[in-house]
Structure formats: structure tokens, C-alpha cells
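# Secondary and tertiary structure notes
If you want the building blocks of each chain, they are given just below.
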Amino acid sequence: MSDSAAMFEQSDYKYGFVTDVETDSLPKGLNEETIRAISAKKNEPDFLLDFRLKAYERWLESEEPKWANVNYPKIDFQGITYYSAPKKKPLLNNLSEVDPEILKTFERLGIPVEEQMRLSNVAVDLVFDSVSIGTTFKKKLEDAGVVLCSISEAMHTHPDLIKKYLGSVVPIGDNYYATLNSAVFTDGSFVYVPKGVHCPMELSTYFRINDKESGQFERTLVIAEESSYVSYLEGCTAPAYDNNQLHAAVVELVALDNAQIKYATVQNWYSGNPTTGLGGIYNFVTKRGRCAGVNSKISWTQVEVGAAITWKYPSCILQGDNSVGEFYSVALTNGRMQADTGTKMIHLGKNTRSTIISKGISADTSHNTYRGLVKIAPRAAGARNYTQCDSMLVGDRCSANTFPYIEVGNASSQVEHEASTSKMNEEQLFYFQSRGISKEDAVNMIVNGFCKDVIKELPLEFAVEAQKLLAIKLENSVG
Amino acid sequence: MLKIENLTAEVEGKPILKGLNLNVQAGEIHAIMGPNGAGKSTLAKVLAGHPTYEITGGSITFKNQDLSELEPEERAHLGLFMSFQYPVEIPGVSNRQFLQIAYNAKRKARHEKELSLPEFEEILNEKMKSMEIRTEFSQRNVNENFSGGEKKRNEILQMAVLAPELALLDETDSGLDIDAMRIVAKGVNQLMNPQMGLILITHYQRLLDYIKPDYVHVMLDGRIVQSGDASLALELEDKGYDWLIKSPEGEEQ
């Protein structure tokens with residue numbers, strides 16, 4: 001404890017506290033029994049247990065990917081706790097049933113739930129370690145026919161939808177971490193927007209890893225029926241421990257004809273000690289959306305400023321004709337962070353369009369890599385992609401890489417790629433200062449100017465939070 | 001208002017200024033001329049407080065305050081302005097945003113009320129009009145993709161908005177064709193007033209055809225070796241700097 005307290009001070013990571021709640025955990029380690037135990041604890045239908053066991057089999061046969069531009073010691077998958085839930089009955093009807101300690105945590109995180117319920121039009125689902133804590137605004141959503149609940153709840157209330165769509169975008173054997181997630185996921189959010197419904201509010205989830213040795217394997221599934229619209233936000237934090245914690249989430253989005261899904265993430269996991277690199281979250285996440293219907297649209301917006309290692313490529317499969325995929329990303333690395341992130345745009349339908357705007361900022365001795373694939377199938381006539389990929393270096397000990405992969409299968413498509421690398425330098429800062437603007441404000445303006453094409457895609461309150469986060473992160477990195 | 005006494009300064013251990021003296025009073029225009037490497041730009045950067053330049057001796061007093069103690073932004077708040085020889089590009093930050101924040105930072109430091117965007121825009125539009133600058137200029141990112149002439153005009157616009165008490169123009173004429181120089185000079189002349197001091201750093205005397213200096217100083221090897229009135233600039237134009245290099249104190253005898 002004293003170690004982590006010291007870490008917290010050094011790192012200035014204000015979410016680095018630990019909440020003292022009793023948890024109901026399984027012993028460390030992974031085998032078939034663990035999976036059966038998770039499934040039994042959640043009282044799952046048989047098809048889910050089959051899904052998990054199939055995934056586990058596939059996982060045993062697969063190997064950890066090695067191609068990412070990151071370095072870390074081998075993960076001991078037997079040293080992880082795969083199920084850790086606050087020891088209270090997991091199914092809660094309203095927030096007053098939640099352990100007050102946990103609610104206090106959320107207040108310290110700056111999400112005053114009560115306040116949010118009253119003042120803003122945001123419905124929040126809170127996932128603490130692995131279990132969903134309670135969903136606000138349920139009534140208003142219910143009236144609109146929108147379902148926002150934990151995925152464990154949805155297994156019982158909407159088993160047909162789960163059966164139909166779980167694994168339909170990220171298949172069971174997709175990649176090493178997604179496969180692991182399919183075997184052991186413990187909770188996450190489920191969103192269903194019925195035909196023709198414009199979701200009346202922004203939906204939001206806050207993820208928090210609290211327990212020292214638990215991995216977080218949440219699973220999110222968002223389904224937008226024909227001509228519906230939904231905007232979904234997630235935020236992430238974790239306490240400062242000096243061991244590494246694994247976060248291997250899977251997010252699947254499905255948009256049917258004329259439907260639109262916007263999915264935004266502000267990720268600020270603990271990133272480890274900035275000097276020694278000790279501790280921090282391994283953020284190995286698979287996010288993918290399928291524009292299944294004609295004219296459908298999926299937009300990913302991410303502001304990634306935390307985690308020791310990020311390995312994440314929110315992608316779009318543009319299956320329906322005229323469907324649209326967008327990826328707006330800011331990835332900031334400082335201290336000794338490593339990020340390998342980007343997107344995949346897979347054009348299958350005719351006249352499908354995609355836009356990729358990626359802004360990478362690296363500071364201190366961190367490594368920041370953009371990796372993206374634009375693939376246009378032979379049958380995707382008239383497809384278009386525009387990619388803009390900018391990197392900013394702060395200081396001269398960091399690195400930025402860009403690996404764009406482009407595969408075009410027909411002659412009627414257009415692909416554009418623009419890239420730039422710039423350096424935030426002393427001359428720029430001096431220029432601001434000589435006009436009377438302090439160095440802090442200068443950094444803030446330069447970074448937010450660099451990122452504004454992405455930030456403007458976020459809902460207003462998240463945009464403000466994201467701007468502040470970027471400024472705070474770079475405070476100590478500029479000379 | 002500005003008093004520099006026996007100033008010495010170095011960059012990365014290399015002495016550049018070697019005992020420089022200069023006095024500027026309100027209402028005066030001083031031109032500092034000299035060949036490449038004489039230390040003219042160093043003088044400008046030292047006055048503005050650039051972090052790579054280190055003062056090793058002497059003193060700089062501006063409005064009775066020791067400048068060397070102040071951060072660059074504090075010098076700006078006090079009323080000092082330097083126009084850059086090579087203005088820096090700031091992608092993603094609009095001219096208007098930049099100017100408003102700079103303007104309000106100065107007001108805040110002086111315990112004056114900060115202006116809202118509409119209030120500030122009124123001032124900005126008026127300045128741009130008097131400087132004959134097109135309104136779309138304020139929407140463009142600071143110096144990004146600006147031509148050489150536009151960058152220099154942008155510096156003068158900043159000077160107009162920030163209304164300094166002492167302005168230091170570092171090679172504002174370099175890289176400008178004669179038309180662009182005329183426009184920039186016109187702007188500077190408009191801004192000059194009896195409460196303000198102006199220092200022009202230049203290679204060539206042609207700028208001085210448009211902005212008439214009260215004093216001309218010649219800088220060589222980190223010192224001012226010769227001072228005179230506007231006629232000195234013409235003499236330099238005619239004779240070059242060589243006669244001063246050969247006998248630095250020559251004119252005194």
C-alpha cells in the first residue's frame with residue numbers, strides 16, 4: 001500500500017487511489033474450471049458457456065501477437081484473477097443499493113452520479129472491476145425503447161439478441177486477446193436501439209479497475225436497428241499499482257440499414273511510473289463495428305492518454321452499400337508509455353466511404369505508433385478513403401512511427417493518405433511567451449490546436465475534459 | 001525607458017555580446033546596424049528573454065525594472081515587444097485566438113478586465129482596418145503557410161494589438177520586396193508615438209528610407225562601436241563596415 005501511495009505521488013495520477021471494498025473473487029489462474037465457475041456465478045444460459053469454452057480452446061491453440069511496435073515482458077496468464085466482483089448482490093435496481101464506498105470512488109473520479117442524473121442528460125453505466133454497478137436513467141431510456149444494461153443482465157433479458165450478435169463482429173477466434181476475452185469476460189455494457197429510434201440521450205459507461213491482481217475483461221455490444229441513432233461514451237481509470245494489470249476488452253457494434261452509431265472513448269488508465277516504467281495497465285483491446293446495412297455509419301472517436309501499453313485498432317467493416325466509417329483519434333504517450341494504435345477500414349460494399357484522422361503526440365521517452373489498414377475489396381466499386389495522420393514530438397527522446405497499409409482491389413476507388421510530423425519546440429513556446437502567454441497556456445493551445453479536428457467530434461463535456469487531460473499530461477514534459 | 005549597461009551574454013558557452021551600452025528614451029527611434037555575426041539578433045533575443053541566451057554581466061533596465069529577472073511573458077506584460085526575424089508557425093491556433101489570449105494575458109497581468117471575444121474582435125477589426133489587412137487574416141492559423149511578407153505584416157499586426165511601449169524589430173525588412181517593405185514601414189510609422197521607443201535592427205539602410213531613425217548605431221563583434229544620426233546609415237551604405245572593423249574606435253580620434 002505504501003508503495004502504491006508513493007507511486008501515486010510521483011506520477012501525479014489523480015485516479016491512483018484504491019477503494020477498500022470486499023470483493024468476491026475466484027482464485028488466480030485460468031483453466032476450464034475457472035470458466036465454468038464464472039459462467040455459473042453469472043447464472044448464464046448454456047449457449048454462453050459453450051461460447052466461452054470454444055473460445056478457451058481456441059485461445060490455448062493461439063499465440064500472442066508479436067508484430068506490434070511495443071516491448072514488454074511475457075504476461076503470466078496464470079497470475080491473473082479472472083473474476084473479481086464487489087461482494088454485494090450483483091443485480092441492483094438503483095444506485096442506493098450500491099456500496100457507498102464504490103459510489104465514493106466515482107465521486108473521486110469526478111463523476112458525481114447524483115449530479116449527473118439531475119443536471120445532465122447522460123445515462124451512466126458504471127463497471128467496477130468486472131461488474132456493472134447500476135445504470136442511471138433507466139426509466140427514460142425504457143420509455144424510448146432503448147436498452148442500456150450490463151451484459152450479464154442482457155443475457156437473461158435479451159438472450160436472443162445476445163445469441164445472434166455476440167461474436168458476430170469479433171468472432172470467437174479473432175485474435176489472442178479477443179479470444180481470451182470471449183472465454184473469460186465478466187461484464188460490460190449492452191445497448192439496443194430499436195428501429196427508427198433516435199436515442200434521447202448520450203449513453204455513458206465508466207470503467208474502473210480497482211483490484212490489484214484482477215484483469216478486466218469487459219465486453220460491450222451495441223446494436224442499432226434500422227434507421228436508429230445512438231451515441232455512446234466510455235471513460236476509463238485505474239489505481240496506481242506497481243504491477244501490470246491486463247485490460248483485454250472487446251467492443252462490438254452493429255449498425256443496420258440507415259443506422260448510425262457514434263462511439264467515443266476517453267482512456268486514462270494508470271500508465272506506470274514515468275521514470276522506471278513500473279506498473280500500469282496493458283490495454284489490449286479489440287473494437288470493431290460492422291456497418292451491416294445500407295447507408296449505415298459508425299464513428300469511432302478516441303482520446304487515449306493512459307495505459308503503459310496500448311494495442312488497439314477500433315475498426316469498421318463497411319458491408320452495406322454507401323455505408324460510412326470514421327476514426328478520429330488522439331493518442332498521447334509520455335513517460336515510458338508505448339502505444340501501437342490505429343484502425344482498419346474494410347470496404348466491402350459499393351460506394352462505401354471512410355475517414356481516418358489520427359493525431360499522435362509523444363513526449364519524454366515514450367513510443368507512439370500509428371498502424372492502419374485501408375482495404376478495398378474488388379466488389380467495393382466507387383469506395384473512397386481519406387486518411388490524415390499527424391505526429392507531434394515533444395522533446396528529442398521520444399519516437400513516432402506510422403505504418404499505413406493500403407490494399408485496393410478495384411480501379412474505381414480512391415484512397416488518399418496525408419501524413420506529417422512536427423515538433424513542439426522551444427521556438428514555438430518562446431514565441432507565445434514573448435507575446436505575454438505563459439508556457440503552460442502555450443502548450444495547451446498548441447496541443448489542442450493540433451488535436452482539434454478530433455476533439456470537436458466529442459460531446460461537449462467530454463471535449464472539455466479531454467482538453468484538460470492533454471494539457472495536464474504534458475505539463476511536465478515541456479522543458 | 002531602456003538602459004543597457006556593459007551587457008555581456010553568451011550562447012552555449014560562446015560569448016556574443018561583449019560589453020554593450022544603449023539608452024533609449026520614449027519617442028526615439030534607434031537603428032542598430034552591422035554585418036552578419038555582429039550580435040544584433042542576439043541582442044534582440046536577450047532583451048526578449050530567449051532561454052538559450054545567457055546574460056553573463058552588465059544590466060538591462062526597462063521602466064526602472066531589472067529585465068534579466070523576468071520571464072519572457074512578464075517582459076511582454078511590462079510593455080516590451082519583439083518582432084521576430086523568422087516568425088514561428090503555430091498550426092491549429094488561429095491568429096484571432098492567439099491575439100485574444102495574448103491581449104488578455106497582458107490585461108490580466110496589469111489587473112485590467114479581460115475582454116470577451118466580441119469586445120476583442122472590435123479592437124482587432126479596427127487595427128486590421130487601419131493596417132489594411134484583410135479580415136480573413138484573423139481566421140488563419142498563426143503564420144501557417146504565410147508568405148514572407150504576410151509573416152512580417154502579421155508581426156506588425158500583433159504589435160498594433162499589443163500596443164507596446166518599447167518595440168524591437170529584428171530584421172523586419174529581410175526577405176521583403178520593396179512593396180511589402182513599404183506596407184510594413186507604413187504600419188510601423190502609424191504605430192510610433194511619443195510615448196513609445198522603437199529599435200530597428202537591420203542590415204541595410206533601405207528600411208531607414210521609410211522609417212526615419214533619430215539615432216543610428218553600428219554594432220561589431222558584440223559592441224556598439226559607432227553612434228550617430230541618420231547620416232551614419234548613408235555613410236555605411238556608401239563605405240560598408242570595413243573601415244570600422246579596421247579601426248574600431250577610429251571615429252573618436
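Calculation rules
Residues numbered from 1 in each chain as written. Chains lettered and ligands numbered in written order. Predicted model: local features only at pLDDT ≥ 70, side-chain atom pairs only at ≥ 80, totals over all residues. Helix = DSSP H or I, 4+ residues; strand = E, 2+ residues; numbered from the N terminus. Buried ≥ 20, exposed ≤ 12 C-beta atoms within 10 Å, placed from the backbone. Contact = placed C-beta atoms within 7 Å. Domains from an automatic or database assignment. Axes fitted to C-alpha atoms, helices over the stretch in contact; angles between N-to-C directions. Left-handed = near helix turned anticlockwise from the far one by under 90°. Nonpolar A, V, L, I, M, F, W, Y, C, P; charged D, E, K, R; others polar. Pairing = 2+ DSSP bridges. Parallel < 35°, antiparallel > 145°, perpendicular 65-115°, else oblique. pLDDT = per-residue confidence, 0-100. Expected span 1.5 Å × (residues − 1). Core = buried A, V, L, I, M, F, W, Y, C linked by C-beta atoms within 7 Å.

## What about the overall build of chain B?
The secondary structure content of chain B amounts to eight helices and 10 strands. Summarising its shape, the C-alpha atoms of chain B cover approximately 60 × 40 × 35 Å along the three principal directions. Going through the 253 residues of chain B one by one, you find that 44% of them count as buried. Contacts in chain B between residues at least 24 apart in sequence constitute 71% of all its contacts with a sequence separation of at least 6.

## So, the overall build of chain A
A count of helical and extended segments in chain A gives 12 helices and 23 strands. Residues counted as buried form 56% of the 479 residues belonging to chain A. Within chain A, counting contacts between residues at least 6 apart in sequence, those at least 24 apart form 83% of the total.

## Some thoughts on the domain arrangement of chain B
Residue and element names in this part refer to chain B. As far as domains go, chain B holds domain 1 (2-87 + 164-252) and domain 2 (88-145). Of note, the centres of domain 1 and domain 2, computed from C-alpha atoms alone, are 26 Å apart. Across the contact, seven residues belong to domain 1 and eight residues belong to domain 2. Contributing elements (two or more residues each) for the side of domain 1 that touches domain 2: α2 (72-78) and α6 (178-191).

## Let's talk about the packing of helix α3 (residues 95-109) of chain B against helix α5 (residues 148-162) of chain B
All names here are of chain B. Relative orientation of the contacting elements α3 and α5 amounts to 35 degrees, with a least axis distance of 10 Å. Considering how the two elements wind past one another, α3 and α5 form a crossing that is right-handed. Listed contacts from α5 to Asn95, Leu99, Ala102, Tyr103 and Lys106 of α3 are Asn154, Gln158, Val161 and Leu162.

## Side note on the interface of chain A and chain B
Tallying the contact residues gives 18 residues for chain A and 21 residues for chain B. If you list the elements that add at least two residues to the side of chain A that touches chain B, you get α10 (426-434) and α11 (439-455) of chain A. If one sorts the elements of the side of chain A that touches chain B by residue count, α10(A) sits on top with seven residues. When the residues that make up the side of chain A that touches chain B are grouped by side-chain class, the tally is six nonpolar, seven polar and five charged.

## Description of the sheet that holds strand β8 (residues 197-202) of chain B
Residues and elements named next belong to chain B. Strand order in this open sheet of six strands is β6-β7-β8-β3-β9-β10, and the pairing throughout is mixed. Sheet topology places β6 (80-83) and β10 (223-228) at the edges, where each strand pairs with a single neighbour. Here the average twist between neighbouring strands, direction ignored, is 20 degrees. Inspection of the sheet shows strand β7 (residues 166-170) paired to β8 by five bridges, in the parallel sense. From the neighbouring strand, leucine 168 faces β8, where its bridge partner is isoleucine 199.

## Thoughts on the packing of α10(A) against α11(A)
All names here are of chain A. Relative to each other, α10 and α11 sit at 120 degrees, their axes nearing to 9 Å. Between α10 and α11, the crossing angle belongs to the class labelled oblique. Considering only the axes of α10 and α11, their crossing is right-handed. Contact residues: α10 offers Gln428, Leu429, Phe432 and Gln433, while α11 offers Lys439, Ala442 and Ile446. Each residue belonging to the contact of α10 with α11 can be placed in one class, and the counts come to four nonpolar, two polar and one charged.

## What to know about unusual backbone geometry
Notably, Asn295(A) is not glycine yet its phi reads approximately 55 degrees, a positive angle. The topology assignment puts Asn295(A) in the loop between β13 (280-291) and β14 (297-304).

## Re the confidence of the model for chain A
Residue and element names in this part refer to chain A. The pLDDT averaged across chain A works out to 84; a share of 80% of its residues lies at or above 70. Averaged pLDDT values for the elements of chain A fall to 37 in helix α1 (residues 2-11) and rise to 98 in strand β16 (residues 315-318). In the predicted structure, residues 1-11 sits below a pLDDT of 50 and forms 19 contacts with residues beyond four places in sequence or in another chain. With pLDDT under 50 throughout, residues 88-93 is counted as low confidence; its partners more than four residues away or in other chains account for eight contacts.

## Examining the environment of Leu115(B)
Residues and elements named next belong to chain B. Position of leucine 115 among the secondary structure elements: in the loop between α3 and α4 (117-130). For leucine 115, a count of 16 C-beta atoms within 10 Å corresponds to the partly exposed category. Look past the residues within four positions of leucine 115 in its chain and what remains in contact with it is Tyr103, Asn104 and Phe120.

## Focus on α3(B)
Across its 15 residues, α3(B) extends 21 Å between first and last C-alpha, which sits within 8% of the 21 Å expected from 1.5 Å per residue. Among all positions of α3(B), only Asn95(B), Arg96(B), Phe98(B), Leu99(B), Gln100(B), Ile101(B), Ala102(B), Tyr103(B), Ala105(B) and Lys106(B) are buried. Looking at the buried residues of α3(B), the elements they touch are α11 of chain A together with α2, α4 and α5 of chain B.

## Section: the sheet that holds strand β4 (residues 53-62) of chain B
Residue and element names in this part refer to chain B. Spatially, four strands are ordered β2-β1-β4-β5 in an open sheet, and the strand pairing comes out antiparallel. The sheet is open, and its two borders are formed by β2 (14-24) and β5 (65-66), each paired with just one other strand. Summarising the sheet, strand β1 (residues 2-11) and β4 pair through eight bridges and their orientation is antiparallel. In the sheet register, lysine 3 faces β4, and the bridge partner there is threonine 61.

## Observations concerning the nonpolar core
One finds Val191(A), Ala224(A), Ala255(A) and Leu47(B) to be the most contacted residues of the largest nonpolar core, which totals 192 residues. Ranked by residues supplied to this core, first place goes to α11(A) with nine residues. With near-sequence residues (within four places) excluded, Ala255(A) lies in contact with Ala224(A), Gln260(A), Ile261(A), Gly289(A), Cys291(A), Ala292(A), Gly293(A), Ser296(A), Lys297(A) and Ile298(A).

## Looking at the environment of Pro35(B)
Residue and element names in this part refer to chain B. If you trace the backbone, proline 35 turns up in the loop between β3 (29-33) and α1 (40-48). Given 17 C-beta atoms within 10 Å, proline 35 falls into the partly exposed group. Taking the C-alpha atoms as reference points, proline 35 and glycine 240, separated by 205 residues in sequence, lie 9.0 Å from one another.

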